[in-house]
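Letter by letter, the chains look like this.
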Amino acid sequence: MRIALSHPILIISRIIIREMGTGMEKIKDLERIANQILNCKKCELWKNRKNAVPGEGNPDAEIMFIGEAPGYNEDVQGRPFVGAAGKLLTTLIRDKLGLDRKEVFITNVVKCRPPNNRDPKPEEINACSQYLDEQIRIIRPKIIVALGRHSTLYLLGKMGIKVGGISHVRGKMFRGVINDVNLIIIPTYHPAAALYNPKLRSVLEQDFEFVRKVFENIKKGAEILERKQISLDAFFT
Ligand code: SF4
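J.: Before we move on, can you summarise the pairing of strand 5 (residues 174–178) with the specific residues and values?
T.: Two elements, strand 5 and strand 6 (residues 181–188), share five bridges in a ladder whose sense is antiparallel. When the sheet's bridge partners are listed, Gly176 is paired in strand 6 with Leu183. Here strand 5 hands over to strand 6 after two residues, with Asn179 in that stretch at a positive phi of 50°.

J.: Tell me about the nonpolar core, residues and numbers included.
T.: One broad rule of soluble globular proteins: the nonpolar side chains tend to lie buried together. By size, the foremost hydrophobic cluster in this structure holds 48 residues, and its most contacted members are Met64, Phe65, Ile66, Val109, Ile144 and Val145. Excluding residues within four positions of it along the chain, Ile144 makes contact with Met64, Ile66, Leu155, Leu183 and Ile185.

J.: Lay out the environment of Glu68 in plain terms, naming residues and giving numbers.
T.: Here Glu68 is to be found in the loop between strand 2 (63–67) and helix 2 (72–77). Look at Glu68 and you get buried, because 24 C-beta atoms sit within 10 Å. Discounting chain neighbours no more than four positions away, the residues touching Glu68 are Asn108, Val109, Val110, Pro120, Gly148, His150, Ser151 and His190.

J.: Can you tell me about helix 5 (residues 149–158), naming the residues and giving the values?
T.: Most of helix 5 is tucked away, with seven of its 10 residues classed as buried. Within helix 5, the full set of buried residues consists of Arg149, His150, Ser151, Thr152, Leu153, Tyr154 and Leu155. Tucked into the core, helix 5 has its buried residues touching strand 2, helix 4 (122–139), strand 4 (143–147), helix 6 (166–169), strand 5 and strand 6.

J.: Tell me about unusual backbone geometry, and please be specific about residues and values.
T.: At Asn116, a position not held by glycine, the phi torsion is positive, near 55°. Within the secondary structure, Asn116 is located in the loop between strand 3 (105–108) and helix 4. Residue classification places Asn116 among the exposed positions, given that 7 C-beta atoms sit within 10 Å.

J.: I'd like a description of the site of the ligand, backed by residues and values.
T.: Taken together, 14 residues sit near the ligand, with Cys40, Cys43, Trp46, Cys112 and Cys128 positioned nearest. Broken down by element, the residue count for the shell around the ligand peaks at three residues, all from helix 4. Partitioning the shell around the ligand into residue classes produces 10 nonpolar, no polar and four charged.

J.: Tell me about the confidence of the model for the chain, and name the residues and values.
T.: Predicted coordinates in areas of low pLDDT are best not read in detail. Put simply, the chain has an average pLDDT of 88, and 86% of its residues get 70 or more. Between residues 1–20, whose pLDDT stays under 50, and residues either more than four places distant or in other chains, the model counts 10 contacts.

Cut-offs used in this document
- Residues numbered from 1 in each chain as written.
- Predicted model: local features only at pLDDT ≥ 70, side-chain atom pairs only at ≥ 80, totals over all residues.
- Pairing = 2+ DSSP bridges.
- Helix = DSSP H or I, 4+ residues; strand = E, 2+ residues; numbered from the N terminus.
- Core = buried A, V, L, I, M, F, W, Y, C linked by C-beta atoms within 7 Å.
- Buried ≥ 20, exposed ≤ 12 C-beta atoms within 10 Å, placed from the backbone.
- Contact = placed C-beta atoms within 7 Å.
- Near = placed C-beta within 6 Å.
- Nonpolar A, V, L, I, M, F, W, Y, C, P; charged D, E, K, R; others polar.
- pLDDT = per-residue confidence, 0-100.

This is the structure in structure tokens:
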């Protein structure tokens, strides 16, 4: 029996092989960057760190969460968002998006803890941001949730969008390209802000519900495209 090149078996095999290859390459690339971060001395922050915090999660994550910098617990454990703010983030990811934190990718703009949790300086963001850029290029998320002012300023800045304050842009969607990746940025408050000001908790919850709606719409769009692809393949087989 002659099997047409567009036969579903061949298409599926090609997809599996391609995805396995891509997955392995992504893991290797992310590990390479993590090693560079662990040994990095490009800014002063390396001097006081216990551990650099490269980030963690699914190399194929469709959603990335990006905060500004590690805090005390993150510095001790070498993992992102593991303190009280991290607990809140994990809860929001689970309850509002129906996802486990292992299914997304979580990191920060700056990978070492600034002393006493001060804001990262512009020169530290400049020195460190190449690592985040590479992580975005490798993971190719569909949505980035920017957590807090510094993350929002950096990411929207990469799209050429100038931001006054986070309250003007939170809960909105910005479509654009970062490092050749077409994606949507949704800024919101940093979860730590909701710990200091409990009124912000409901705002964060509202923004995460918006993220869920946008994500569902993206998935619906992808399903429609996939169905169209299958019907076209059937026609040519
Ligand atoms: S904050 Fe970033 S640039 Fe600075 S030492 Fe750590 S990894 Fe390197």
